[in-house]
Amino acid sequence: MSVEADAAKHFGGFSFVLESASYPLTLVPSLLAVSMVVDGSEKLEALELAADVLDARLWELRGRAYRGALDSIGYPMVDAFELVEALGVEGLENVLSYAESIIEGRKGQSEGIPWEVKVFADLLGWEKDPGELDPETLAYTIIISFTASFNKALNKTANAP
């Protein structure tokens with residue numbers, strides 16, 4: 001899916017206007033949590049909005065470390081719903097915020113890797129330890145790995161009886 005500037009999305013009586021950098025990746029875990037407790041069209045609306053936010057932010061955050069990130073991960077062991085269950089919404093928000101802040105230059109390299117990132121990598125079965133990666137590659141590895149996990153959740157939902 002692609003997101004066009006000023007494309008309005010509606011969910012639960014609220015309107016979201018997806019513009020460049022409008023919503024951070026940290027909105028996605030909350031939308032996943034909502035989709036876990038609603039059914040029918042509301043579930044699909046929450047997942048569609050989450051996918052749109054994810055697509056828009058990935059397009060904005062891509063960079064040169066992308067290839068190194070792809071080499072650091074394997075097929076995700078868990079889906080995004082399982083990440084929310086294991087890390088909680090706040091824990092997953094911390095992981096995604098950490099990645100965004102590195103890519104956008106808001107996080108220094110001297111700061112340690114949060115424990116949530118280490119658990120995230122372990123849950124997803126990364127090929128490399130987060131400490132082995134330079135900060136930019138680590139940030140892209142988080143985002144690509146989360147995207148794969150998100151897609152796994154969408155496939156699981158689409159194939160549910």
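Source: prediction; values computed, not measured.

## Remarks on the overall build of the protein chain
Phase 1: A count of helices and strands for the protein chain gives six helices and two strands.
Phase 2: Burial analysis of the protein chain (161 residues in total) assigns 42% to the buried set.
Phase 3: Sequence-distant contacts, at least 24 apart, represent 75% of the contacts inside the protein chain between residues at least 6 apart.
Phase 4: Carbon and sulfur atoms form 51% of the exposed surface of the protein chain, whose accessible area is close to 8300 Å².

## Quick look at the pattern of salt bridges
Phase 1: Taken as a whole, this structure holds one salt bridge when the rule is applied.
Phase 2: Residue Lys 156 is joined to Asp 79 by a salt bridge in which the shortest nitrogen-to-oxygen separation is 3.0 Å. In this pair, Lys 156 is assigned in helix α6 (residues 135-158) and Asp 79 in the loop between α3 (66-70) and α4 (80-103), connecting sequence segments 77 residues apart.

## Quick look at α4
Phase 1: For α4, spanning 24 residues, the distance from its first C-alpha to its last is only 22 Å, which falls clearly below the expected 34 Å at 1.5 Å a residue.
Phase 2: Where α4 starts, the residue carrying a side-chain oxygen 2.9 Å from the main-chain nitrogen of Phe 81 turns out to be Asp 79.
Phase 3: Note on α4: the residue one or two positions beyond its end, Gly 105, has a positive phi of about 75 degrees.

## Some thoughts on the packing of α4 against α6
Phase 1: Packing of α4 against α6 leaves a shortest axis separation of 10 Å and a crossing angle of 145 degrees. Note on packing geometry: the crossing formed by α4 with α6 is left-handed.

## Focus: the nonpolar core
Phase 1: Ranked by size, the top nonpolar core spans 38 residues in total, and within it Leu 32, Phe 120, Trp 126, Ile 142, Phe 146 and Phe 150 carry the most contacts.
Phase 2: If you list the elements that add at least two residues to this core, you get α1 (27-37), α2 (40-61), α4, α5 (115-124) and α6.
Phase 3: Element by element, the count of residues in this core is highest for α4, at 11 residues.
Phase 4: If near-sequence neighbours (up to four positions away) are discounted, Phe 146 is found in contact with Val 28, Leu 32, Leu 54, Ala 80, Leu 83, Leu 92, Leu 96 and Phe 120.

## Describing the confidence of the model for the protein chain
Phase 1: The predicted model of the protein chain has a mean per-residue pLDDT of 80, with 76% of residues at 70 or higher.
Phase 2: Confidence over residues 1-8 falls short of pLDDT 50; this stretch has 18 contacts with residues more than four positions distant or in other chains.

## Some thoughts on the packing of α5 against α6
Phase 1: Interaxial distance between α5 and α6 falls to 11 Å at its minimum, and their mutual angle equals 45 degrees. The pairing of α5 with α6 is recorded here as oblique in orientation. Crossing hand, α5 versus α6: left-handed. Of the residues in α6, those in contact with Val 117, Phe 120 and Leu 124 of α5 are Leu 138, Ile 142, Ser 145, Phe 146 and Ser 149.
Phase 2: Tallied by class, residues from the contact of α5 with α6 come to six nonpolar, two polar and no charged.

Thresholds, definitions, all that
- Residues numbered from 1 in each chain as written.
- Predicted model: local features only at pLDDT ≥ 70, side-chain atom pairs only at ≥ 80, totals over all residues.
- Heavy atoms only, no water.
- Helix = DSSP H or I, 4+ residues; strand = E, 2+ residues; numbered from the N terminus.
- Buried < 20%, exposed > 50% of the residue type's maximum accessible area, 1.4 Å probe, protein only.
- Contact = heavy atoms within 4.5 Å.
- Areas by Shrake-Rupley, 256 points an atom, 1.4 Å probe, with all protein chains shown as cover.
- Salt bridge = Lys/Arg side-chain N within 4 Å of Asp/Glu carboxyl O.
- Expected span 1.5 Å × (residues − 1).
- Polar contact = N/O pair within 3.5 Å; in protein donor to acceptor, adjacent residues only side chain to side chain.
- Axes fitted to C-alpha atoms, helices over the stretch in contact; angles between N-to-C directions.
- Left-handed = near helix turned anticlockwise from the far one by under 90°.
- Core = buried A, V, L, I, M, F, W, Y, C linked by side-chain atoms within 4.5 Å.
- pLDDT = per-residue confidence, 0-100.
- Parallel < 35°, antiparallel > 145°, perpendicular 65-115°, else oblique.
- Nonpolar A, V, L, I, M, F, W, Y, C, P; charged D, E, K, R; others polar.

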